Amino acid sequence: MSGLYAIRRIFSTSAKVRYSGGTLWHALGWSASKPVFGSTLQQQPMSSQATYETLSVTCEGGLRIITYNRPEKKNAISEKMFEEVVVALKEAADDPNTLITATTGAGNVYTAGNDLKNFRQMSVTEIADLLIRYFNAFIDFPKPLVAVVNGAAVGAGTTLLPMYDAVFATERALFFTPFSSLGITAEGCSTYTFPMVMGHTKAIELLLFDKKVSAAEACKLGLVTEVFPDSTFQEQVWPRVRAMTKLPPKSLLYSKTLCREVHRAKLHEVNIAESKRVAERFGARLWPDSDSYKEFASSLPPLPANIKI
């Protein structure tokens, strides 16, 4: 069992699906530094010290919840949200009163992934830098990280799941990485983590051929720790997550470090390569004739000479 997946066993004794059947919600709208814990964790509700436009962040009893808060846009990740997630994760890492951090989505969607209106006013280099910083924030996050997937998870909402230490999903969640149909390439270190978690052929189905998978399928693939009935999802999941805050902090932190540190340098390497290629693909679509795009593209490894397209 890989280190990326093994740590989830610390939080869950079983990865079995707890339901049978169910209807998937699929209206995605695609047409249109190390912490030091004090002796006692903060027990009173407190909101985040930072101010966010696209997130809702709360902290209570050792649990920090970061909610993607653009429900009118299916929680699509705007340029602002990319930046704010980086800040929110750093705030969680630096806060001695935060032991467990969870992400979820407002409304009935986890996240629709990258907002298709992004990057119009950015250079290719700026796009790459933003993506590298965003995914690095997950690679380097030192504390236990839990995904509470309350609905559809598209793009980075799916590719980042191996970076989490537990993933709990509603039965109606749908996981989708439509990179090829969007004319871009895989990101979130998924070209490294997906084959490790689920094997090469299953990873290729998702990353190259746009396969959509249900919560039950995602659980079998190792992307999801446990699936819950939608009708009781919120009532069942949050007590589970809050119970994690009662575990000995240093034991959690040492175990996570031991599981993750062996992969960290490689994840950074993969992230840089993936993010640059994603930026190049956006550039090819938005500014194919610009000198800055051509210069950036020429700095990346070309396809092998024997491949003709």
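Residues numbered from 1 in each chain as written. Predicted model: local features only at pLDDT ≥ 70, side-chain atom pairs only at ≥ 80, totals over all residues. Heavy atoms only, no water.

> Would you explain helix H7 (residues 200-207) in this entry?
What H7 keeps buried is the set Ala203, Leu206 and Leu207. Viewed along the axis of H7, the buried residues span an arc of 85 degrees, placing them on a single side of the element. Tucked inside the fold, the buried residues of H7 contact helix H6 (190-198), strand S10 (213-214) and helix H8 (215-221). (Buried < 20%, exposed > 50% of the residue type's maximum accessible area, 1.4 Å probe, protein only. Helix = DSSP H or I, 4+ residues; strand = E, 2+ residues; numbered from the N terminus. Arc of directions from axis to C-beta. Contact = heavy atoms within 4.5 Å.)

> Explain a nonpolar patch on the surface here, please?
Together, Leu303, Ile307 and Ile309 line one region of the surface with nonpolar side chains, adding up to about 370 Å² of accessible area. Mapped onto the secondary structure, isoleucine 307 falls in the segment after helix H11 (291-298). Residue class for isoleucine 307 comes out partly exposed when judged on its relative accessible area of 41%. (Patch = residues over 30% accessible without salt bridge, like charges linked within 9 Å, V, L, I, M, F, W, Y side chains within 5 Å. Areas by Shrake-Rupley, 256 points an atom, 1.4 Å probe, with all protein chains shown as cover. Salt bridge = Lys/Arg side-chain N within 4 Å of Asp/Glu carboxyl O.)

> Would you take a moment to explain helix H10 (residues 249-286) for this structure?
Because each turn of an α-helix spans 3.6 residues, side chains separated by three or four positions end up pointing in the same direction. With 38 residues, H10 should cover 56 Å at 1.5 Å per step; its first-to-last C-alpha distance of 47 Å lies more than 12% under that length. Most pronounced at arginine 264, the bend in H10 amounts to some 45 degrees. (Expected span 1.5 Å × (residues − 1). Bend = angle between axes of the 7 residues up to and from the residue.)

> Any chance you could explain the pattern of salt bridges here in plain terms?
Where charged atoms from two side chains of opposite charge come close, those side chains can pair. This model, assessed by the stated rule, comprises 17 salt bridges. Aspartate 115 is the salt-bridge partner of arginine 70, the closest N and O atoms lying 3.0 Å from each other. Linking arginine 70 in the loop between strand S3 (63-68) and helix H3 (79-94) with aspartate 115 in the loop between strand S5 (109-111) and helix H4 (124-139), this pair joins segments that are 45 residues apart in sequence. The pair formed by arginine 70 and aspartate 115 is uniform in burial state, with each residue classed as buried. Put simply, aspartate 140 and arginine 264 hold a salt bridge, and the shortest N to O gap is 2.8 Å. You can see aspartate 140 sitting in the loop between H4 and strand S6 (145-149) and its partner arginine 264 sitting in helix H10, a full 124 residues away along the chain. Taken together, the shared-partner salt bridges in this structure form one network comprising Lys202, Glu205, Lys211 and Glu217.

> Would you mind showing me how to read the confidence of the model for the chain here?
The predicted coordinates should not be examined in detail at positions where pLDDT is low. Confidence in the prediction for the chain averages 88 pLDDT; 84% of positions are at 70 or higher. When the criterion is pLDDT under 50, residues 13-45 qualifies, and its contacts beyond four places in sequence or with other chains add up to 80 contacts. (pLDDT = per-residue confidence, 0-100.)

> Which parts of the structure should I look at to understand the sheet that holds strand S7 (residues 152-154)?
Picture the strands of a sheet paired through backbone hydrogen bonds; they go either parallel or antiparallel. With mixed pairing, four strands are arranged side by side in an open sheet as S5-S7-S9-S10. One side of each edge strand has no neighbouring strand; the edge strands of this open sheet are S5 and S10. In terms of strand pairing, S5 meets S7 through two bridges, oriented parallel. Bridge pairing in S7 links valine 109 to alanine 152. (Pairing = 2+ DSSP bridges.)

> Explain empty space enclosed by the protein here, please?
If a probe as big as a water molecule is rolled over the atoms, it shows which places are left empty. One number sums up the size of the largest cavity: a volume of about 180 Å³. Taken together, 19 residues make up the lining of the largest cavity; nearest its centre are Asn114, Ala156, Phe179, Ile184 and Glu187. Taken as a whole, the second largest cavity spans an internal volume of roughly 40 Å³. Lining of the second largest cavity is provided by Tyr68, Ile77, Tyr110, Thr111, Tyr134, Ala156, Gly157, Leu160 and Tyr164. Of all elements in the fold, only S5 and helix H5 (156-159) reach the threshold of two or more residues within the lining of the second largest cavity. In terms of residue class, the lining of the second largest cavity is built from seven nonpolar, two polar and no charged. (1 Å grid on protein atoms, 1.4 Å probe; cavity = no way out; pocket = protein on both sides within 12 Å on 5 of 7 lines; lining within 4 Å. Points joined across faces, edges and corners; volume = space filled by probe spheres on them. Nonpolar A, V, L, I, M, F, W, Y, C, P; charged D, E, K, R; others polar.)

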